[in-house]
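Observations on the model geometry
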Amino acid sequence: MLEINCPWCGPRDQIEFSCGGEAHIVRPLEPENLSDDDWADYLFYRKNPEGRHHEQWCHTAGCRKWFNAIRNTVTYQFETVYRIGEDLPEKTSR
Amino acid sequence: MKNKYSIFSLARNAVTYHENWREAWRSPEPRKGYDVIVIGGGGHGLATAYYLASEHGIRNVAVLEKNWIGGGNTGRNTTIVRSNYLWDESAHLYEKSLRLWEGLSQKLNYNVMFSQRGVMNLGHTLQDMRDIERRSNANYLNGIDSEVLRPEQIRQIVPIMNTSPHARYPVLGASFQRRGGVARHDAVAWGFARAADREGVDILQNCEVTGILRHNGAVTGVETNRGRIQAKKVGVVVAGHSSVIASMAGLRLPIESHPLQALVSEPLKPILHTVVMSNAVHGYISQSDKGELVIGAGVDSYTGYGQRGSFSVVEGNIGAIVELFPVFSRVRMLRQWGGIVDVCPDACPIIGKTPIRGLYFNCGWGTGGFKATPGSGWVFAHTIARGEPHSLNAAFTLERFSTGALIDEHGAAGVAH
């Protein structure tokens, strides 16, 4: 089982967390001006990279707060976690 | 047919102590170019190549596989075949596939061990039962066999199942498709490979695609670890790695890759002669001809390419199986593994053209691709050969995510995600 470092609660077991998918997808500011293709891109299209991935996670069975993480999708190892609203950290230790 | 498998070839080879069987397919060097390159040597890719050659006369075809054929999801699934999907589009597609399954061993001259032992989908809540009634009625209208069973009928078919009304999630009924069943997954890959090879298709193993060559908005070939190979058309059938290949061509897909797990037990004497699936408690189980219980779990919620999943998913899965079958509580598990499934937002595949001319994608089968193997290859071969989809896969375009014409099959897909 993975150990995930909640930025508020510290390291906890994976089963306490839910994965919320790709992070930093910004809701369109002018939805009424969006084309169907742009809507599709926002709603459905994802990067789905093999390797380093920015994700949002929620500490569902803990503090219930959302946070962002950089995780490797091949090794499943978490590189770093950071709070919502914080700047994207460059390679840092946990 | 040269080197046909039959009772006579078996007897002939028995006389020589089975030392003179010929290889089932060649291992040729890549040619400079092909009419069609199929990327991905799983069941779907090999079926595509086979139908390209046998149905459309396109024999200058190569199947490129980065590892060994059938080593990905084709060898990692729980081998369940059924066609009881809700919506017309998917019901027709999976039913076409089921009909191809029914004659496949004869057609390929290779025993894929397709066994129509029935597939049972359990309902544990009132809403489950309403959905089952609705789906069964939709199946009747599409000419697909389906029965709704009451708990007494389930007990007759599977006496070892815990159908007590006092169970934590009592079994209230089920849908049952008797024409559904299981097939031997490796044999499916090998059978299609052998049949395609005889039609002249080159199967290139250990040949990893590293780039998609394009010129003026059209595909011209692929870059591989065994050199550059030209092609007029390229069909991509790589399941979990669809987004990776798409990004080589500068495309994005509405797909996320998740680990999906399965496990098998030690071999037991025959005890379970049908396939039992439950969405609500989440597990599906059948017994292989070797006697192993083949058990499937859910997907991990995170994306992953590691071909393994989390233990918590296995734990929940086994909890569900033991709740349904208390008699299995002390069975030991032999192996556990993960496959990387390409999940679409509407749990339906994408089979068709891309913005790049000559580049076709067949992906997004998610958690239920094995049952579709022959049908998927059949419609994809048609799509590549004619440059237009067959009416069976016309609805399964990439454009449906822009038009909104999604085909929501989460209910019938059978695996929670």
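As the structure is a computational prediction, the values presented were derived from the model and not from experiment.

1. Section: the overall build of chain A
Tallying secondary structure elements over chain A gives one helix and six strands in all. Along its sequence from the N terminus, chain A presents helices and strands in the succession β-β-β-α-β-β-β. With respect to the principal axes defined by its C-alpha atoms, chain A has extents near 45 × 30 × 25 Å. Here the contacts in chain A between residues at least 6 apart in sequence split such that 43% fall between residues at least 24 apart. Of note, chain A has its 11 positive side-chain charges centred 9 Å away from the centre of its 16 negative side-chain charges.

2. Let's talk about the confidence of the model for chain B
A residue-level look at chain B finds 99% of positions with pLDDT of 70 or above and a mean pLDDT of 96. With pTM at 0.96, the complex prediction returns an ipTM value of 0.93.

3. Focus on the interface of chain B and chain A
Size of an interface: often given as the accessible area lost when the parts come together. Facing the 28 residues of chain B at the interface are 25 residues of chain A. When the two sides are added together, the surface that chain B and chain A hide from each other amounts to roughly 2,200 Å², 49% of it contributed by carbon and sulfur. On the chain B side of the contact with chain A, Arg252(B), Tyr302(B) and Tyr305(B) bury the most area, a combined 31% of that side's loss. Notably, a salt bridge pairs Asp41(A) with Arg252(B), separated by 3.1 Å at the nearest N-O pair. At the boundary of chain B with chain A, the tally comes to 16 residue pairs in polar contact (both at pLDDT 80 or more). Of all the secondary structure elements, the ones that give two or more residues to the side of chain B that touches chain A are helix H8 (242-248), strand S12 (256-267), helix H9 (311-324) and helix H11 (400-403) of chain B. The element that contributes the greatest number of residues to the side of chain B that touches chain A is S12(B), accounting for three residues. A per-class count over the side of chain B that touches chain A returns 13 nonpolar, eleven polar and four charged.

4. What about the pattern of salt bridges?
Side-chain pairing between opposite charges can occur once the charged atoms of the two side chains come close. Residue and element names in this part refer to chain B. Evaluated as defined, the whole model comprises 24 salt bridges over all chains. Its salt-bridge partner being Arg26, residue Asp197 comes within 3.0 Å of it at the nearest N-O pair. Remark: Arg26 occurs in the loop between helix H1 (7-15) and strand S1 (33-39) and Asp197 occurs in helix H7 (residues 185-198); sequence separation between them is 171 residues. Since its relative accessible area comes to 11%, Asp197 is described here as buried. In this structure, Arg99 engages Glu95 in a salt bridge whose closest nitrogen and oxygen atoms are separated by 3.0 Å. Here the residue Arg99 and the residue Glu95 both occupy positions in helix H3 (residues 88-102), the gap between them amounting to four residues, near one helical turn. Among the ionic contacts, a cluster of salt bridges with common partners joins Glu95, Arg99, Glu102, Asp145 and Arg179.

5. Topic: helix H2 (residues 43-56) of chain B
For H2(B), built from 14 residues, the straight-helix expectation of 20 Å at 1.5 Å per residue is met to within 8% by its first-to-last C-alpha distance of 19 Å. With respect to burial, H2(B) is a largely interior element, eleven of its 14 residues being buried.

6. Here's the deal with the layout of surface pockets
Residue and element names in this part refer to chain B. Roughly 420 Å³ of volume is contained in the second largest pocket. Together, 22 residues line the second largest pocket, and Arg184, His185, Ser288, Glu292 and Val294 are the ones closest to its centre. Counting only elements with at least two residues in the lining of the second largest pocket, the list comes to strand S14 (283-287), strand S15 (292-299) and strand S16 (333-343). For the lining of the second largest pocket, the per-class residue count stands at six nonpolar, nine polar and seven charged.

7. Considering empty space enclosed by the protein
All names here are of chain B. Under the definition given, this model contains one cavity of 30 Å³ or more. Forming the boundary of the largest cavity are twelve residues, of which Ala347, Trp365, Gly366, Thr367 and Ala413 lie nearest the centre. Taken together, the residues of the lining of the largest cavity sort by class into seven nonpolar, five polar and no charged.

8. Considering the nonpolar core
Residues and elements named next belong to chain B. Grouped together as the largest cluster of nonpolar side chains are 52 residues, with contacts concentrated most on Leu46, Tyr51, Leu52, Val61, Trp101, Leu108 and Phe192. Of all elements in the fold, only S1, H2, strand S2 (61-64), H3, helix H4 (104-108), H7 and helix H10 (373-386) reach the threshold of two or more residues within this core. Look past the residues within four positions of Leu52 in its chain and what remains in contact with it is Val36, Val38, Gly57, Ile58, Val61, Ala381, Ile384 and Ala385. Residues Tyr34, Leu204, Val234 and Ile356 belong to the second largest nonpolar core, which totals 33 residues.

9. Details of the pairing of strand S10 (residues 218-224) of chain B
Residue and element names in this part refer to chain B. Among the seven residues in S10, five count as buried, and that is most of the element. Bridge analysis of strand S9 (residues 209-215) against S10 gives six bridges, and the strand direction is antiparallel. Bridging from a neighbouring strand, Ile212 pairs with Val222 of S10. The loop that links S9 with its antiparallel partner S10 comprises two residues; one of these, Asn216, has a positive phi angle of about 50°. Between S10 and strand S11 (residues 227-236), which follow one another and run antiparallel, lie two residues.

10. Quick notes on the packing of H3(B) against H10(B)
Residue and element names in this part refer to chain B. In contact at an axis separation of 7 Å, H3 and H10 are set at 110° when each is read in the N-to-C sense. By the criterion of interaxial angle, the relationship of H3 to H10 is roughly perpendicular. Two secondary-structure elements touch here, H3 through Leu93, Lys96, Ser97, Leu100 and Trp101 and H10 through Thr373, Pro374, Gly375, Trp378 and Val379. Partitioned by chemical class, the residues of the contact of H3 with H10 number six nonpolar, three polar and one charged.

Procedures and definitions
- Residues numbered from 1 in each chain as written.
- Chains lettered and ligands numbered in written order.
- Predicted model: local features only at pLDDT ≥ 70, side-chain atom pairs only at ≥ 80, totals over all residues.
- Heavy atoms only, no water.
- Helix = DSSP H or I, 4+ residues; strand = E, 2+ residues; numbered from the N terminus.
- Contact = heavy atoms within 4.5 Å.
- Lys, Arg positive; Asp, Glu negative; His and termini not counted.
- Charge placed at Lys NZ, Arg CZ, Asp CG, Glu CD.
- pLDDT = per-residue confidence, 0-100.
- Buried area = accessible area lost by both parts, 1.4 Å probe.
- Salt bridge = Lys/Arg side-chain N within 4 Å of Asp/Glu carboxyl O.
- Polar contact = N/O pair within 3.5 Å; in protein donor to acceptor, adjacent residues only side chain to side chain.
- Nonpolar A, V, L, I, M, F, W, Y, C, P; charged D, E, K, R; others polar.
- Buried < 20%, exposed > 50% of the residue type's maximum accessible area, 1.4 Å probe, protein only.
- Expected span 1.5 Å × (residues − 1).
- 1 Å grid on protein atoms, 1.4 Å probe; cavity = no way out; pocket = protein on both sides within 12 Å on 5 of 7 lines; lining within 4 Å.
- Points joined across faces, edges and corners; volume = space filled by probe spheres on them.
- Core = buried A, V, L, I, M, F, W, Y, C linked by side-chain atoms within 4.5 Å.
- Pairing = 2+ DSSP bridges.
- Axes fitted to C-alpha atoms, helices over the stretch in contact; angles between N-to-C directions.
- Parallel < 35°, antiparallel > 145°, perpendicular 65-115°, else oblique.

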